[in-house]
Amino acid sequence: MRLLHTSDWHLGQTLHNHDRTYEHQCFLDWLADTLVEERIDVLLIAGDIFDTANPSSSAQRQLYRFLQQARTRTPQLQVVVIAGNHDSPGRLEAPAPLLEAHGTIVVGNVLRRDDGEIDLERLLVPLRDRDGNTAAWCLAVPFLRPGDLPRLRAADGGEPAEAAEAAPQDPYLHGAALLYRQAQALARERAAAGQAIVAMGHCHMARSQPSEDSERRIVIGGSEALPVGMFDAGIAYAALGHLHLAQRVGGLDHVRYCGSPLPLSFSEVGYRHQVLRIDLDGASVAAITPLYVPRAVELLRVPALPAPLEEALAALEALELDADLPQQAWPYLEVRVLLDGPEPGLRARIEAVLAGKPVRLAKIEPTRKPVAAAGEAEALSLDQLAQLQPDDIFRRLWRQKYGDEAPPDQIDAFAELFHATEGDAP
């Protein structure tokens, strides 16, 4: 059996207010071709299908059109989807009856039975070979919120050693590890000889590397990372979502993030995005192969390192770009400028240099030259703070940031803005 591990599509995402529908469609078209060319039996989508819990109608159409086309082109294909922290579990599950009729299983919520215990059966998905026989089992565990966790009892036997080392008293880590342990026990009961158990999860694992600038931190009850030890030795492969960089977790080859298929911030300019092809041989993994996703729209950082304004403008002027590209494929640009002080006309000067060039200005990243500190600022008492006027605070912040007194025109501009907002106050 051959699986394809993907995650973090973030359909509907914008990059600094630029629409990315074209890029997402290019990825989905490539993915549909890949499913055919690689003879994929099961597509795993490990959460964050959408960028927000309330995705646009166009983002939803992209998903459902892709699922329909993928099933048409690869009739034997099974698709297993779990909700991520960006997804609305209920919205994702709403069309589940229709999707299940066409080979797609969606697990958004962790449900409970009438007795209050978690319905573990619902998290266990049989994976069938081309003859329709069950060849493997998938534990489909969506992003876990505190209310999704099992009720802890003394009979549960405490948490695994790895979890205890990570956070001895953390109820979230304890509960998440217990849920995975219970689901894995059920999978072992169901799995016959020669049937692999594959786990899916959308979570932040300990000893893993997030992508700078492109991820929301998970902070639940003070914990931020789950222990890799919650996957027992019976798991052939763990397909993870949430972190946007492809990586092994804890040095284990079979516990992996595949990463996002598109760059979600300029920190990923030089990174090659991928999906992972998983070849199963009976109950074990025979091979894990990265398949690299073509980049439909380039990201540019100019200059490569922050430079003084005149140097940055010269680098922009020297940019050589493909004039034949359609506008939807124009590169995104981050301009990196090193400044001595405030530059009110910065954007206008950059836009003037870029006028007529086939590029989209997405971000200006100003970096201030470090100001030599004249000594620690004297701490103010509460009474002194209460006596400060807004312009006093403005002057103090200017000195702190630029190491000099605020010029009169900036003080006047601040006063004008302050009085304008005061006049609008009820």
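Refer to the structure above for everything that follows.
Predicted model, so just to flag it, every value in this text is computed and none were measured. (Residues numbered from 1 in each chain as written. Predicted model: local features only at pLDDT ≥ 70, side-chain atom pairs only at ≥ 80, totals over all residues. Heavy atoms only, no water.)

Peer 1: How do you make sense of the packing of helix α7 (residues 309-317) against helix α8 (residues 346-354) when you look at a structure like this?
Peer 2: What describes two packed helices is the angle between their axes and the distance between those same axes. In contact at an axis separation of 9 Å, α7 and α8 are set at 25 degrees when each is read in the N-to-C sense. What the angle tells us is that α7 and α8 run roughly parallel. Where α7 crosses over α8, the two elements pack in a sense that is right-handed. Across from L309, E310, L313, L316 and E317 in α7, the residues of α8 making contact are L346, R349, I350, V353 and L354. Of the residues contributing to the contact of α7 with α8, the split by class is seven nonpolar, no polar and three charged. (Axes fitted to C-alpha atoms, helices over the stretch in contact; angles between N-to-C directions. Helix = DSSP H or I, 4+ residues; strand = E, 2+ residues; numbered from the N terminus. Parallel < 35°, antiparallel > 145°, perpendicular 65-115°, else oblique. Left-handed = near helix turned anticlockwise from the far one by under 90°. Contact = heavy atoms within 4.5 Å. Nonpolar A, V, L, I, M, F, W, Y, C, P; charged D, E, K, R; others polar.)

Peer 1: Help me understand the sheet that holds strand β15 (residues 299-308) in this model?
Peer 2: Strand order in this open sheet of three strands is β15-β16-β17, and the pairing throughout is parallel. Every interior strand has two partners, whereas the edge strands, β15 and β17 (360-368), have only one. Averaged over all pairs of adjacent strands, the angle between strand axes in this sheet comes to 15 degrees, irrespective of strand direction. Packing against the sheet, α7 makes contact with β15 and β16 (332-339), and its axis sits at approximately 150 degrees to β15. (Pairing = 2+ DSSP bridges.)

Peer 1: Looking at this structure, I do not really get the side chain of T6. What am I missing?
Peer 2: Residue position: T6 is located in strand β1 (residues 2-6). Engagement of the side chain of T6 in a polar contact is seen with the side chain of W9, the distance being 3.2 Å. Among all residues touching T6, those that are not within four sequence positions of it are L31, L43, L44, I45, A46, C258 and V275. (Polar contact = N/O pair within 3.5 Å; in protein donor to acceptor, adjacent residues only side chain to side chain.)

Peer 1: Explain the packing of helix α1 (residues 21-37) against helix α2 (residues 57-73) here, please?
Peer 2: Between α1 and α2, the least distance of the axes is 10 Å, while the angle of their chain directions is 20 degrees. Classed by the angle they form, the pair α1 and α2 counts as roughly parallel. Crossing of α1 over α2 shows right-handed handedness. Mapping the contact onto sequence places T21, H24, Q25, L28, L31, A32, D33, L35 and V36 in α1 and Q62, R65, F66, A70 and R73 in α2.

Peer 1: I tried to follow the sheet that holds strand β6 (residues 104-107) on my own but got confused; where do I start?
Peer 2: Pairing between the strands of a sheet comes from backbone hydrogen bonds, and it takes one of two forms, parallel or antiparallel. Strands sit in the order β6-β5-β4-β1-β13-β14 across an open sheet of six strands; the sheet is mixed. Two strands bound the open sheet, and with one partner strand each, they are β6 and β14 (284-292). Across this sheet, the average inter-strand angle for adjacent strands is 20 degrees, counted without regard to direction. Here strand β13 (residues 274-281) pairs with β14 via eight bridges, running antiparallel. Bridging from a neighbouring strand, R277 pairs with T289 of β14. Each of β1, β4 (42-46), β13 and β14 is contacted by α1, which is oriented at about 165 degrees to β1, the strand it contacts most.

Peer 1: Any chance you could explain unusual backbone geometry here in plain terms?
Peer 2: Excluding glycine, residues mostly have negative phi values, and the peptide bonds linking residues are mostly trans. Cis peptide bonds are those with omega within 30 degrees of zero, and the linkage from V302 to P303 qualifies with -15 degrees. Inspection of the secondary structure assignment puts P303 in strand β15. Although it is not a glycine, H242 adopts a positive phi angle of roughly 120 degrees. Mapping H242 onto the fold places it in the loop between β10 (237-241) and β11 (247-249). Relative accessible area serves as the criterion here: at 4%, H242 is assigned to the buried category. (Buried < 20%, exposed > 50% of the residue type's maximum accessible area, 1.4 Å probe, protein only.)

Peer 1: Just checking my understanding: could you explain the packing of aromatic side chains for this structure?
Peer 2: Each pair of aromatic rings is reported with the distance of its centres and the angle of its planes. This structure, assessed with the given rule, holds five aromatic pairs. Within the aromatic cluster, the residues linked to one another by ring pairs are W9, F27, W30 and F66. If you follow R272 out to its NZ or CZ, it ends over the ring of Y292, 3.9 Å from the centre. (Phe/Tyr/Trp six-rings, centres within 6.5 Å; stacked < 30°, edge-to-face > 60°. Lys NZ or Arg CZ within 6 Å of the ring centre and 35° of its normal.)

Peer 1: Would you explain the nonpolar core in this entry?
Peer 2: Nonpolar side chains in soluble globular proteins generally cluster together in the buried interior. Ranked by internal contacts, the top residues of the largest apolar core, which has 57 residues, are L44, V80, L144, M205 and F231. Here the element with the most residues in this core is helix α6 (residues 171-190); it accounts for nine residues. Residue contacts for F231: discarding those within four places in its chain leaves Y180, Q184, A199, M205, A238, L240 and V255. Within the second largest apolar cluster, 30 residues are counted, among which are A32, L43, A70 and V79. (Core = buried A, V, L, I, M, F, W, Y, C linked by side-chain atoms within 4.5 Å.)

Peer 1: Before we go on, may I ask you to explain the pairing of β13 in this structure?
Peer 2: A regular strand places its side chains on the two faces of the sheet in alternate fashion. Judged by how many residues are buried, β13 sits mostly within the fold: seven of eight residues are covered. With four bridges joining them, β1 and β13 adopt antiparallel strand pairing. Residue pairing in the sheet places L4 in a bridge with R277 of β13. Taking the residues that link successive antiparallel strands as the turn, the β13-β14 hairpin has two residues, and the phi of G282 there is positive, at about 65 degrees.

Peer 1: Quick question: what am I supposed to make of the pattern of salt bridges here?
Peer 2: Any two side chains of opposite charge can pair, so long as their charged atoms come close to each other. In this structure the tally under the stated criterion is 20 salt bridges. A salt bridge links R122 to E93; the nearest nitrogen and oxygen atoms lie 2.5 Å apart. Here E93 lies in helix α3 (residues 89-93) and R122 lies in the loop between β6 and β7 (124-128), a separation of 29 residues in the sequence. Given the relative accessible area of 25%, R122 is considered partly exposed. E189 serves as the salt-bridge partner of R190, at 4.0 Å between the closest nitrogen and oxygen. Classification of R190 by relative accessible area gives partly exposed; the value is 34%. E189 sits in the exposed class, given a relative accessible area of 61%. (Salt bridge = Lys/Arg side-chain N within 4 Å of Asp/Glu carboxyl O.)

Keep in mind that these numbers describe shape and distance, not what the molecule does.
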